[in-house]
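# Topology and contacts: notes
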Amino acid sequence: MQLNNLTLDLRSYSAETDNHQHDYHQLVLPVSGQLDISVGKQAGLVDSHQAAIISAGQEHGFSGSEDNCFVVADIPYQLAPEFEQLPAFIQLSPALNQYVRFLHQQLQQYNSVSTQRQMLLLLIQLLQEQCGKKLKLDRRIATAQNYLDHHFNTEISIGQLAQVASLSPRQLSELFRQQLGMTPLQYLIEKRMQHAWQLLEQQNLTVQQVADAVGYSSLAAFSDRFRKHFAIPPSYFRRCGK
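This one's a predicted model, so the numbers in the text were calculated from it and none came from an experiment.

Right, let's talk about the overall build of the protein chain for a bit. Looking only at helices and strands, the protein chain has nine helices and nine strands in total. Burial analysis of the protein chain (242 residues in total) assigns 50% to the buried set. Accessible surface computed for the protein chain: about 11,900 Å², of which carbon and sulfur atoms make up 47%.

In structure tokens form, the structure reads like this:
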């Protein structure tokens with residue numbers, strides 16, 4: 001899958017170690033088999049319990065077991081500059097493991113570049129959340145991000161958010177994009193969609209209740225946005241008994 005220099009696809013690795021580096025970030029998430037990886041001075045294993053985050057410029061090598069398959073994302077540095085602050089290896093939560101299985105399924109089908117990008121952006125946010133590591137952000141951007149994290153289910157304007165951050169709307173948008181790789185509006189949408197995905201996995205909530213919980217008064221608007229993000233409607237979770 002490609003969007004400029006961004007790719008998300010399925011890959012298998014040989015048993016021979018290959019040492020190299022590149023100017024983009026790379027995520028390696030398990031589908032089957034194992035992969036021994038060294039990242040800088042760290043060494044670890046990508047398997048059903050653990051994933052690897054290789055930041056741009058890090059020298060790394062790998063060696064795969066037989067019959068291996070991984071979801072691999074190549075991410076331009078500009079899209080997620082904070083990745084260089086994340087650990088090289090992370091344990092996978094049940095929720096993230098489930099999302100990797102969803103990606104595996106989707107990668108075997110055709111998806112639009114817009115859908116591909118949205119799936120990858122959600123993956124990036126899930127990883128950031130799971131790592132639980134405080135990113136070294138400008139204090140004003142951290143304030144804006146925190147506000148979005150706690151008020152994403154309400155109507156928020158760029159002017160209102162700029163006041164919260166003590167910046168002009170233009171300064172806020174520029175700094176936010178530089179440090180988090182997306183605009184405040186994109187971040188807000190991603191936050192809403194991420195939370196909606198989690199809520200839809202709960203069988204005791206209707207799609208309308210989920211829409212209300214993430215700030216959409218219109219069920220049609222919510223469903224349209226969700227479908228554009230993931231190429232599936234919110235009702236997918238109900239049909240599949242998820």
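The next subject is the sheet that holds strand β7 (residues 60–64). The three strands lie next to each other as β5-β4-β7, forming an open sheet whose pairing is antiparallel. Across the chains shown, the open sheet's two edge strands, defined by having one partner strand only, are β5 (42–46) and β7. Shown here is a sheet whose adjacent strand axes are inclined to one another by a mean of 15°, direction ignored. Here strand β4 (residues 35–39) runs beside β5; their pairing, made up of five bridges, is antiparallel. Of the residues in β5, the one forming a bridge with Ile-37 is Gly-44.

For the rest of this paragraph, the subject is the pairing of β7. Burial within β7 is extensive, with five of its five residues counted as buried. A two-sided burial pattern is seen for β7, the buried positions comprising His-60, Phe-62 and Gly-64 on one face and Gly-61 and Ser-63 on the other. Direction of pairing for β4 relative to β7: antiparallel, over a ladder of five bridges. Residue pairing across strands places Ile-37 opposite Phe-62, the latter belonging to β7.

A few words on the packing of helix α6 (residues 184–200) against helix α8 (residues 219–230). Two packed helices can be described by the angle between their axes and the distance between those axes. α8 packs onto α6 with a crossing angle of 95° between their chain directions and a minimal axis gap of 11 Å. As the angle between them shows, α6 and α8 are arranged roughly perpendicular. Listed contacts from α8 to Ile-189, Glu-190, Met-193, Ala-196, Trp-197 and Leu-200 of α6 are Phe-222, Arg-225, Phe-226, His-229 and Phe-230. For the contact of α6 with α8, the class distribution of residues is eight nonpolar, one polar and two charged.

Here we come to the packing of aromatic side chains. If you walk through the whole model with that rule in mind, you get nine aromatic pairs. Each ring, one from Tyr-99 and one from Phe-102, has its centre 5.8 Å from the other, and the planes form 25°; the classification is stacked. Of this pair, Tyr-99 and Phe-102 both sit in helix α1 (residues 94–107), three residues apart, which is roughly one turn of that helix. For Tyr-99, a relative accessible area of 1% puts it in the buried group. Given a relative accessible area of 6%, Phe-102 falls into the buried group. Arranged with centres 5.9 Å apart and planes meeting at 45°, the rings of Phe-222 and Phe-226 form a pair that is tilted. Of this pair, Phe-222 and Phe-226 both sit in helix α8, separated by four residues, roughly a single helical turn. Of the two residues examined, Phe-222 and Phe-226, each falls in the buried class. The ring of Tyr-216 carries the charged tip of Arg-192 above its face, separated from the ring centre by 5.4 Å.

So, on to helix α4 (residues 158–165). Buried residues of α4: Leu-161, Ala-162 and Ala-165, and no others. Buried positions in α4, seen along its axis, are confined to an arc of 105° and lie on one side of it. Ser-166 lies just past α4 and shows a positive phi near 60°.

What follows concerns the packing of α4 against helix α5 (residues 169–180). Between α4 and α5, the least distance of the axes is 9 Å, while the angle of their chain directions is 80°. Relative to α5, the element α4 is oriented roughly perpendicular. For the pair formed by α4 and α5, the contact residues are Ile-158, Gly-159, Leu-161, Ala-162 and Ala-165 on the first element and Pro-169, Leu-172 and Ser-173 on the second.

What follows concerns the pattern of salt bridges. Overall, the coordinates contain six salt bridges when judged by the stated rule. Residue Lys-228 pairs with Asp-224 through a salt bridge whose shortest N-O separation is 3.3 Å. In this pair, Lys-228 and Asp-224 are both assigned in helix α8, four residues apart and thus about one turn of the helix distant. Given the relative accessible area of 48%, Lys-228 is considered partly exposed. Because the salt bridges share partners, they merge into one network encompassing Asp-9, Arg-11 and Asp-74.

Reading the values: rules and limits
Think of each chain on its own: its residues are numbered from 1, step by step along the sequence as written. Where local features are concerned, this predicted model is filtered to residues with pLDDT of at least 70; where side-chain atom pairs are given and counted, the filter is 80 or more; whole-chain, interface and lining totals use all residues. Water and hydrogen atoms were dropped before computing side-chain values, which therefore reflect all heavy atoms in the structure. Counting from the N terminus, the helices are DSSP H or I runs at least four residues long and the strands are E runs at least two residues long. To sort residues, take the accessible area from a 1.4 Å probe on protein chains only and compare it with the maximum for the residue type: under 20% means buried, over 50% means exposed, and anything in between is partly exposed. In this description, accessible areas are obtained by the Shrake-Rupley approach with a 1.4 Å probe, and a residue is regarded as covered only by the protein chains that are shown. Note: two strands are recorded as paired if DSSP finds a minimum of 2 bridges between them. Fitted lines through C-alpha atoms serve as axes, helices being fitted only where they are in contact, and the angles separating the N-to-C directions of these axes extend from 0 to 180 degrees. The scheme is simple: roughly parallel for angles under 35 degrees, roughly antiparallel for over 145, roughly perpendicular for 65 to 115, oblique for anything else. In this description, contact between two residues means that some pair of their heavy atoms is separated by no more than 4.5 Å. Residues are grouped as follows: Ala, Val, Leu, Ile, Met, Phe, Trp, Tyr, Cys and Pro are nonpolar; Asp, Glu, Lys and Arg are charged; every other residue, Gly included, is polar. Two rings belonging to Phe, Tyr or Trp (six-membered ring only in the last case) form a pair when the distance between their centres is within 6.5 Å. Interplanar angles under 30 degrees mark stacking, angles over 60 mark edge-to-face geometry, and anything in between is tilted. Consider the ring centre and the ring normal. A charge sits over the ring if Lys NZ or Arg CZ is within 6 Å of that centre and within 35 degrees of that normal. The directions considered for the arc run from the helix axis to the C-beta atoms. Throughout this description, the term salt bridge denotes a Lys or Arg side-chain nitrogen within 4 Å of a carboxyl oxygen of Asp or Glu.

Everything listed is a geometric property; what it means functionally is a separate question.
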